[in-house]
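Coordinates in review
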There are 2 protein chains.
Amino acid sequence: MLVPPNNFGMVEEDLYRSGSPDSINFPFLEMLGLNSLVWLAPEEPSPELLTFCNQNSISLYHLGHLHSTSAWEPITEEVVLQALNLLVQPATYPAIVMCNQGRHRTGTVIGCLRKLQMWCLSSILEEYRRFAGPKVRVMNEQFIELFDIDLVFE
Amino acid sequence: MLVPPNNFGMVEEDLYRSGSPDSINFPFLEMLGLNSLVWLAPEEPSPELLTFCNQNSISLYHLGHLHSTSAWEPITEEVVLQALNLLVQPATYPAIVMCNQGRHRTGTVIGCLRKLQMWCLSSILEEYRRFAGPKVRVMNEQFIELFDIDLVFE
């Protein structure tokens, strides 16, 4: 029996998203053959997750811990750019983007990635809401709408 | 600007799901390089969709139109088995599974596919609900739970 992490989803070939995993999710994550884990929560990853990454040669990128002290603060443009700079490099893949619930920080980064992919805004927001559920934050939707994709290539 | 169809999502490598597309979605669908379209709605696909499939050499499998006269009737076991028999064949891919809204019939087939992939039921239902939104039908969740995967290999 395989147990994907909370709010797990496939974004693109070799790109996944989810909330923070427990050790019960590790056999599932192992099957993804990950090369990178982009960790967007301000909290440190659990020691179990660090060990899992070590054992499976997964590079863990903890972004945003210098910019935020609370899970309630919105993700900053700087952190979104750091994440996208990883996601535009083929060497990063296969990769998974994670935050505590896989809703807001992850959803904002994936939303900005969809802008890079030239998705129309209504489809981007539909996807954001699907993962945010009743916890939709309009602030994040505005962030995605106003995000300037040219910054990624500067 | 690319406009994915309503309720579009990636299920696995080369496997997608969505609601019924309009012609505004065709440039996006073209990029998926589809080989097959599994159409689960009882209604006939639109003439535009048939033309699009023809022009792009996509095989359209209209399942279930003999078994159901109303979009409100649940999908039958026979139709789910027909869909899964397509989805276990590598020659079917890249493929997309569609119904009117991409919620119930599509969600039931994908839920049964997740059973074949040995996902635990709670994760399968989380994914079903993510796409069904406030329109969750417990009947479909029960169908997924009770579906006997051994039937696929008989």
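This one's a predicted model, so the numbers in the text were calculated from it and none came from an experiment.

1. Overview of the interface of chain A and chain B
Across the boundary between the two partners, chain A contributes 22 residues, which contact 22 residues of chain B. Buried surface at the junction of chain A and chain B, summed over both partners, amounts to about 1,800 Å²; 58% is from carbon and sulfur atoms. On the chain A side of the contact with chain B, Met10, Trp119 and Arg130 of chain A bury the most area, a combined 33% of that side's loss. Joining chain A to chain B, the criterion identifies zero salt bridges.

2. A short note on the nonpolar core
Counting 93 residues, the largest nonpolar core has Leu40, Leu84 and Ile96 of chain A together with Leu40 and Leu84 of chain B as its most contacted members. The residues touching leucine 84 of chain B, leaving out its near neighbours within four places in the chain, are Val109, Cys112, Leu113, Leu116, Phe147 and Val152 of chain B.

3. Focus on the packing of helix 3 (residues 77–87) of chain A against helix 4 (residues 105–116) of chain A
A packed helix pair is summarised by two numbers, namely the angle formed by the two axes and the spacing between the axes. All names here are of chain A. For the pair helix 3 and helix 4, the least separation of the axes is 10 Å and the interaxial angle reads 55 degrees. Overall, the two elements helix 3 and helix 4 adopt an arrangement that is oblique. Crossing of helix 3 over helix 4 shows right-handed handedness. In contact with Val80, Ala83, Leu84 and Leu87 of helix 3, helix 4 contributes Thr108, Val109, Cys112, Leu113 and Leu116. A per-class count over the contact of helix 3 with helix 4 returns eight nonpolar, one polar and no charged.

4. Structural notes on the pairing of strand 1 (residues 9–12) of chain A
The pairing of strand 1 of chain A with strand 2 (residues 15–19) of chain A spans three bridges and is classified as antiparallel. Pairing of glycine 9 of chain A across the sheet is with arginine 17 of chain A, part of strand 2 of chain A.

5. Topic: the pattern of salt bridges
All names here are of chain A. Here the structure, examined in full by the defined rule, presents eight salt bridges over all chains. Between glutamate 127 and arginine 114 there is a salt bridge, with its nearest N and O atoms 2.8 Å apart. Here glutamate 127, found in helix 5 (residues 121–132), pairs with arginine 114, found in helix 4; they are 13 residues apart in sequence, far enough to count as distant. Residue classification places glutamate 127 among the buried positions, given a relative accessible area of 7%. What makes arginine 114 buried here is its relative accessible area of 1%. Each of Glu12, Arg114 and Glu127 takes part in one network of salt bridges that share partners.

Calculation rules
Residues numbered from 1 in each chain as written. Chains lettered and ligands numbered in written order. Predicted model: local features only at pLDDT ≥ 70, side-chain atom pairs only at ≥ 80, totals over all residues. Heavy atoms only, no water. Contact = heavy atoms within 4.5 Å. Buried area = accessible area lost by both parts, 1.4 Å probe. Salt bridge = Lys/Arg side-chain N within 4 Å of Asp/Glu carboxyl O. Core = buried A, V, L, I, M, F, W, Y, C linked by side-chain atoms within 4.5 Å. Buried < 20%, exposed > 50% of the residue type's maximum accessible area, 1.4 Å probe, protein only. Axes fitted to C-alpha atoms, helices over the stretch in contact; angles between N-to-C directions. Helix = DSSP H or I, 4+ residues; strand = E, 2+ residues; numbered from the N terminus. Parallel < 35°, antiparallel > 145°, perpendicular 65-115°, else oblique. Left-handed = near helix turned anticlockwise from the far one by under 90°. Nonpolar A, V, L, I, M, F, W, Y, C, P; charged D, E, K, R; others polar. Pairing = 2+ DSSP bridges.

Geometric descriptors of this kind do not, in isolation, establish any biological role.
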